[in-house]
Amino acid sequence: MDERAAVAEHVSKYYGSIRALDDVSLELKRGEIVGLLGPNGSGKTTLIKLFMGFMKPDVGHVSVLGVDPYEDPSIRARVGYVPEELALYESLTPKEFFDLLARIRRMDPVAYIERLDMLASSFGLKERMNDLIGSLSRGNRQKVAIIAALIHEPDLLLLDEPMTGLDPAVARIFKEILYDMRDKGHSILFSTHILELAEAICDRIVILHRGHVVVEGAVEEVLEMAKDKSLEEVFLEVTGKAHEVYEVIRALKGGA
Ligand SMILES: Nc1ncnc2c1ncn2[C@@H]1O[C@H](COP(=O)(O)OP(=O)(O)OP(=O)(O)O)[C@@H](O)[C@H]1O
Ligand SMILES: [Mg+2]
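Structural notes, computed from the coordinates. Per chain, residues are indexed from 1 in the order of the written sequence. Lettering for chains starts from A, numbering for ligands starts from 1, and both go in the order in which the items are written. This being a predicted model, a pLDDT of at least 70 is required before a residue's local features are given, and a value of 80 or more before pairs of side-chain atoms are given or counted; all residues contribute to the totals for chains, interfaces and linings.

1. As for the sheet that holds strand E3 (residues 33–37)
A pair of strands is considered paired only if DSSP assigns at least 2 bridges between the two. We count a stretch as a helix when DSSP gives it H or I for four or more residues in a row; a strand needs E for two or more, and each element gets its number in order from the N terminus. Overall, mixed pairing links the 6 strands, which are arranged E5-E6-E7-E3-E8-E9 in an open sheet. Each edge of the sheet is formed by a strand with only one pairing partner; in this case those strands are strand E5 (79–82) and strand E9 (212–218). Across the sheet, the axes of successive neighbouring strands diverge by a mean angle of 15 degrees, strand direction being ignored. Of the pairings in the sheet, the one linking E5 to strand E6 (residues 156–160) comprises 4 bridges and is parallel in character. For helices, the fitted line uses only the C-alpha atoms of the stretch in contact; every axis is such a line through C-alpha atoms, and the angle between N-to-C directions lies from 0 to 180 degrees.

And the structure:
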């Protein structure tokens, strides 16, 4: 069995003349949490969409759980995906939505009920299970998207800024659920702008900048190489933002 849950090999992706990814190579092993970092527009969502098989790379190759996800979209049954922009069925209740997913994914009914009960309780969504999704708050809609991605215990989780809108208590519980899944051998790739989160929960981080991988390694390795710098300082420097940010801070402090 391939020990790699997701692989990108020399991937480039263009939107017209915009080069969103340029020769990106990346591997996600089984039982590993990898954080995908990078400034706005650096290509994180594009890479996740390629792993979902929504698009094909213009150059290079991606594989997910051993297959090309564009050629073989049925692999998505073993993947859990939280998109950046939620697209939920507004006129269903969470319970109806999860029941539908369980049927589509042919989940064992007993296992489904148990898992849904555990996830809805953990995320504090039980009391909202019969409200319309369209009536839920931003954070509660995010919980629906996360539970939908986790319910079938996928081998691979692709999470695009999954913490958006979650309150600190829920975010903490979500982290524990991710650790638990990682320890059971599931693989997790998530994009985030929260550097503390990446530092706290990732086995490895990848920093993208203008479609290139500029940093890749275990968090400790990256920090060790950067001597006494914080991950934030490393991020700002490798993405060329340090000067810009410090100028603005100086101006703010100077009352300019
Ligand atoms: N559908 C699209 N059509 C045209 N250009 C696109 C499209 N989607 C993304 N892009 C461009 O591709 C580049 C990478 O975008 P992408 O959404 O992958 O970045 P990101 O790292 O996820 O950013 P963010 O942190 O803001 O979510 C950007 O220049 C963006 O404007
Ligand atoms: Mg994005």
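Picking up after the structure, the text goes on.
2. So, the pairing of E6
Most of E6 is tucked away: 5 of the 5 residues are buried. Burial along E6 is two-sided: Leu 156, Leu 158 and Asp 160 and Leu 157 and Leu 159, pointing in opposite directions, are all buried. With 5 bridges joining them, E6 and strand E7 (residues 187–191) adopt parallel strand pairing. Residue pairing in the sheet places Leu 158 in a bridge with Leu 189 of E7. By the criterion used throughout, a crossover qualifies as right-handed when its path from the first strand across the helix to the second strand runs clockwise, the strands pointing away from the viewer. Following the backbone out of E6, through helix H5 (residues 168–183) and into the adjacent parallel E7, one traces a crossover that is right-handed. Here a residue counts as buried when 20 or more other C-beta atoms fall within 10 Å of its C-beta, as exposed when 12 or fewer do, and as partly exposed in between; the C-beta atoms come from the backbone.

3. Details of the environment of Val 215
Within the secondary structure, Val 215 sits in strand E9. For Val 215 and Arg 115, which are 100 residues apart along the polypeptide, the C-alpha to C-alpha distance reads 37 Å. Any two residues are considered in contact once their C-beta atoms, placed from the backbone, lie within 7 Å. Setting aside residues no more than four positions away along its own chain, Val 215 makes contact with Ile 207, Val 222, Val 234 and Val 238.

4. Regarding the site of ligand 1
For each residue, a C-beta atom is placed from the backbone, and the residue is labelled near a molecule or strand when this atom is within 6 Å of it. Taken together, the residues surrounding ligand 1 are Tyr 15, Ile 18, Ala 20, Gly 38, Asn 40, Gly 41, Ser 42, Gly 43, Lys 44, Thr 45, Thr 46 and Glu 84. Elements represented by at least two residues in the shell around ligand 1 include exactly strand E2 (18–29) and helix H1 (44–52). Looking at the shell around ligand 1 element by element, the count peaks at 3 residues for H1. Gly is put with the polar residues, along with every residue not named as nonpolar or charged; the nonpolar set is Ala, Val, Leu, Ile, Met, Phe, Trp, Tyr, Cys and Pro, and the charged set is Asp, Glu, Lys and Arg. Taken together, the residues of the shell around ligand 1 sort by class into 3 nonpolar, 7 polar and 2 charged.

5. Quick word on the sheet that holds strand E1 (residues 4–15)
Ordered in space as E2-E1-E4, the 3 strands form an open sheet in which the pairing is antiparallel. A strand with exactly one partner marks an edge of an open sheet, and here the two such strands are E2 and strand E4 (59–64). Neighbour-to-neighbour, the strand axes of this sheet turn through a mean angle of 20 degrees, independent of strand direction. Its contacts with the sheet place H1 against E1, E2 and E4, and it is angled at close to 120 degrees to E1.

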